[in-house]
Amino acid sequence: MADLKVNLTAPNGRKITLPTGLFINNEFVKSSSGDKITSINPTDESEICSVEAASADDIDKAVKAARAAFNDPSWRDLPATERGTLLYKFADLIEANKETLATLETWDNGKPYSVALNEDLEEVIGIFRYYAGWADKIYGETIPTTAKKFAYTLKQPIGVCAQIIPWNYPLSMAAWKLGPALACGNVVVLKPAEQTPLSVLYLASLIPGLFPPGVVNIVNGYGREAGHALASHLDIDKIAFTGSTITGKQVMKIASVNMKNITLETGGKSPLLIFDDSDLEQAAKWAHVGIMSNQGQVCCATSRVLVQEGVYDKFVELFKQTVKETSKVGDPFAEDTQQGPQVTKAQYERVLSYVDSGKSEGASLVAGGVPYKEVGGKGYFIEPTIFTNVKDTMKIYREEIFGPFVVITSFKTEEDALRMANDTTYGLGSAVFTTDVERAHRVAGRLEAGMVWINSSNDSDIRVPFGGVKQSGIGRELGEAGLAAYTQTKAIHVNLGLRL
Ligand code: NAD
Ligand code: MN
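The structure presented is a predicted model; accordingly, all values stated were derived computationally and were not measured. (Residues numbered from 1 in each chain as written. Chains lettered and ligands numbered in written order. Predicted model: local features only at pLDDT ≥ 70, side-chain atom pairs only at ≥ 80, totals over all residues. Heavy atoms only, no water.)

Moving on: the overall build of the protein chain. What the protein chain contains, in helices and strands, is 16 helices and 22 strands. In terms of overall dimensions, the protein chain has a C-alpha envelope of 75 × 65 × 40 Å along the principal axes. For the protein chain, with 500 residues in total, the buried portion stands at 58%. Taking as baseline every contact in the protein chain between residues at least 6 positions apart, the subset at least 24 positions apart corresponds to 73%. For the protein chain, the accessible surface area stands at approximately 20000 Å², while carbon and sulfur atoms represent 51% of it. Taken together, the 50 basic and 59 acidic charged side chains of the protein chain have centroids lying 5 Å from each other. (Helix = DSSP H or I, 4+ residues; strand = E, 2+ residues; numbered from the N terminus. Buried < 20%, exposed > 50% of the residue type's maximum accessible area, 1.4 Å probe, protein only. Contact = heavy atoms within 4.5 Å. Areas by Shrake-Rupley, 256 points an atom, 1.4 Å probe, with all protein chains shown as cover. Lys, Arg positive; Asp, Glu negative; His and termini not counted. Charge placed at Lys NZ, Arg CZ, Asp CG, Glu CD.)

The structure is reproduced here in structure tokens:
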């Protein structure tokens, strides 16, 4: 359909022809309701373009396409090695289009282009290659039971998987979810976030001619309509969600209608502990990476810094200095920009509302806390914000803020540090800085979190399981562990001659 495309010229001069339809059965189609999503450039608040937004009926069409593909021999009986080959080819196609994909990511999301291209796209390509390699190495076990019987297991795909992703890493989140799902032989209906619909649409345009129709369906849409329709659909077998804890709980509740298999990744308020024997300069640099990367819009951001009393003042000084020297806020397409705008006006206002909250609860604002307005007076830019004198009862200490916003407080002993670190409903990341190797591992063992960084912050690696405990989620993504989310085990008992 010729009208389901727009010709765009990006702020960096790149010309892009972008499909705007719902990607169902390897075709771009119109929304049945006529609903649209208008994508906004957070750098100057201009409209980029509009794309189709799925209704519940459209979700049903996508699910039917996926179900048909799941049952079709062209996918069901495809040898696993060939599934892997398709994933390798997908990675190659993404690589060949990486500048366009990174441009759309930066334009729509606001993250620095250098980060989108050199970090996010490299990860996306790496993930498809990593899971391509896994595709033919996913199998069960043989279990000897008695002399005349044995059992074996099959690791089978779960079926039709709904994948709901957030706006902070649109392409990476799509890759984290598509890679393992496809390697295991599932079919997918993926819904990007309404705040960032563009880059994943372009990704969809690379699929025809590669995966059979219906194997991958990508439908933009609003959470309350398309997201809800996915969570409640009776023919979806699995739902994988990344986003806020509150929405994650709703999805979990609604997904119970047909007892969907479920994985959730829902953010946190991750602590970073600094003991008095730490290399403070390194701690300051890593703490900066841990909270200010990606405009602070990182689910495992170390947003609560806890410093041992004796080095507290010195750390705060070093950290302020590091932030001042490294957080270059500005146009995300400019080469030296380190921090772009927040993704939307709503997020921008939300983050600033926490500045008011911190002040009114009596914490000390020592840096930032105001819009950054040097980029033509427009856009959702916020100066890197640091609060000290923070108490554990304050909202800014307890709630996920999701911006370039850090709270710093002090502790006395290791026990104090652990109690304070674990005093949260979340449990995604955590970091510990110390030069005492015994303490490092002792503390790592007791932090209630899915991930611990020792003398580092916010590392994630394609090969390493990622996910949370407590209200930060259920299940793991990436690595071999990520396969468990997309397979189910079938036990087959074999009688070799036990006669009754
Ligand atoms: P959200 O959780 O509402 O959105 C995430 C995804 O869920 C989007 O694709 C959205 O369309 C979908 N969704 C929304 N409502 C739904 C519903 N009822 N049923 C099914 N799907 C639904 O997040 P948000 O409102 O965009 O952001 C709010 C806060 O969430 C942020 O400030 C941040 O604290 C947190 N967040 C966390 C992550 C993360 O990586 N864990 C990512 C984005 C946002
Ligand atoms: Mn946008």
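Attention now goes to the side chain of threonine 43. As for its position among the elements, threonine 43 is in the loop between strand 5 (36-41) and strand 6 (46-52). Residue threonine 43 is classed as buried on the basis of its relative accessible area of 12%. Excluding anything up to four places from it in sequence, threonine 43 contacts Asp331, Pro332, Pro341, Val375, Lys378, Gly379 and Phe381.

What follows covers the pairing of strand 10 (residues 187-191). When a strand is regular, its side chains alternate between the sheet's two faces. Burial analysis of strand 10 places five of its five residues in the buried class, the great majority of the element. Going residue by residue along strand 10, you find Val187, Val189 and Lys191 tucked away on one face and Val188 and Leu190 tucked away on the opposite face as well. Across five bridges, the pairing between strand 9 (residues 160-164) and strand 10 is parallel. Paired with glutamine 163 across the two strands is leucine 190, which belongs to strand 10. A crossover links strand 9 with its parallel partner strand 10, the connecting element being helix 6 (residues 170-183), and its sense is right-handed. As paired elements, strand 10 and strand 11 (residues 216-218) share three bridges and run parallel to each other. Bridge pairing in strand 11 places leucine 190 opposite isoleucine 218. (Pairing = 2+ DSSP bridges. Right-handed = clockwise from strand over helix to strand, strands pointing away.)

Residues Ile94, Phe211 and Phe315 are the most contacted members of the largest nonpolar core, which totals 127 residues. Take this core: its biggest share by element is twelve residues, from helix 5 (residues 113-134). When residues no more than four places from it in sequence are discounted, the contact partners of isoleucine 94 are Leu101, Leu121, Val124, Ile125, Phe128, Leu203 and Leu206. In terms of nonpolar packing, the next biggest core, distinct from the first, is built from 27 residues, Val355, Ile382, Val390 and Phe411 among them. (Core = buried A, V, L, I, M, F, W, Y, C linked by side-chain atoms within 4.5 Å.)

Below, the discussion takes up the site of ligand 1. Lining the immediate environment of ligand 1, one finds 28 residues, of which Ile165, Trp167, Lys191, Glu194 and Ser244 sit closest. A distance of 2.6 Å separates an oxygen atom of ligand 1 from a polar atom in the side chain of tryptophan 167. Note that an oxygen atom of ligand 1 is positioned 2.5 Å from one of the side-chain N or O atoms of glutamate 194. For ligand 1, the protein covers 89% of the area, taking 820 Å² as the surface of the free molecule. Among the secondary structure elements, those contributing two or more residues to the shell around ligand 1 are helix 8 (223-232), strand 12 (238-242), helix 9 (245-254) and helix 12 (345-360). For the shell around ligand 1, the class distribution of residues is ten nonpolar, 13 polar and five charged. (Near = heavy atom within 4 Å. Polar contact = N/O pair within 3.5 Å; in protein donor to acceptor, adjacent residues only side chain to side chain. Nonpolar A, V, L, I, M, F, W, Y, C, P; charged D, E, K, R; others polar.)

Tetrahedral coordination by four donors puts the ideal angle at the metal at 109.5 degrees, and octahedral coordination by six puts it at 90 or 180 degrees. Distances from the manganese ion (ligand 2) to its protein donors, Ile40 (O), Asp108 (O) and Asp108 (OD), fall within 2.3 Å. Taken together, the positions of isoleucine 40 in strand 5 and aspartate 108 in helix 4 (residues 98-109) put the pair 68 residues apart, joining distant regions of the chain. In this structure aspartate 108 comes out as buried when scored by relative accessible area, which is 2%. (Donors = N, O, S within 2.8 Å, 3.2 Å for Na, K, Ca; no water.)

In this model, helix 6 (14 residues) spans 20 Å end to end at C-alpha, consistent with the 20 Å of a helix rising 1.5 Å per residue. Among the residues trailing helix 6, glycine 185 stands out with phi positive, at a value near 90 degrees. (Expected span 1.5 Å × (residues − 1).)

Turning our attention to the sheet that holds strand 22 (residues 487-495). Read from one edge of the open sheet, three strands run 7-8-22, paired in antiparallel fashion. A strand with exactly one partner marks an edge of an open sheet, and here the two such strands are strand 7 (142-146) and strand 22. Within this sheet the neighbouring strands show an average axis-to-axis angle of 25 degrees, counted without direction. Pairing analysis gives nine bridges linking strand 8 (residues 149-157) to strand 22, with the strands arranged antiparallel. Note on strand 22: the bridge partner recorded for alanine 151 is histidine 493. (Axes fitted to C-alpha atoms, helices over the stretch in contact; angles between N-to-C directions.)

According to UniProt, the feature "active site" (unreviewed entry) maps to Glu265 in the numbering used here. You can see glutamate 265 is positioned in strand 13 (residues 261-265). (UniProt positions renumbered as here; feature names shortened; annotations may be inferred.)

Helix 6 packs onto helix 5 with a crossing angle of 5 degrees between their chain directions and a minimal axis gap of 9 Å. Compared by their axis directions, helix 5 and helix 6 come out roughly parallel. Residues Asp120, Leu121, Glu123, Val124, Ile127, Phe128 and Tyr131 of helix 5 form the contact with helix 6, whose participating residues are Leu171, Ser172, Ala175, Trp176, Leu178, Gly179, Pro180 and Ala183. For the contact of helix 5 with helix 6, a count of residues per class yields eleven nonpolar, two polar and two charged. (Parallel < 35°, antiparallel > 145°, perpendicular 65-115°, else oblique.)

Here we come to the packing of aromatic side chains. Within this structure, the stated rule accounts for 14 aromatic pairs. Look at tryptophan 75 and phenylalanine 211: their rings are 6.1 Å apart centre to centre, the planes differ by 75 degrees, and that puts the pair in the edge-to-face class. With tryptophan 75 in helix 2 (residues 73-76) and phenylalanine 211 in the loop between helix 7 (198-204) and strand 11, this pair connects stretches of sequence that are 136 residues apart. Across the pair, exposure class does not vary: tryptophan 75 and phenylalanine 211 are buried alike. Taken together, the ring pairs in this structure connect Trp75, Phe90, Phe128 and Phe211 into an aromatic cluster. Residue placement shows arginine 224 over the ring face of tyrosine 222; its charged tip is 5.0 Å from the ring centre. (Phe/Tyr/Trp six-rings, centres within 6.5 Å; stacked < 30°, edge-to-face > 60°. Lys NZ or Arg CZ within 6 Å of the ring centre and 35° of its normal.)

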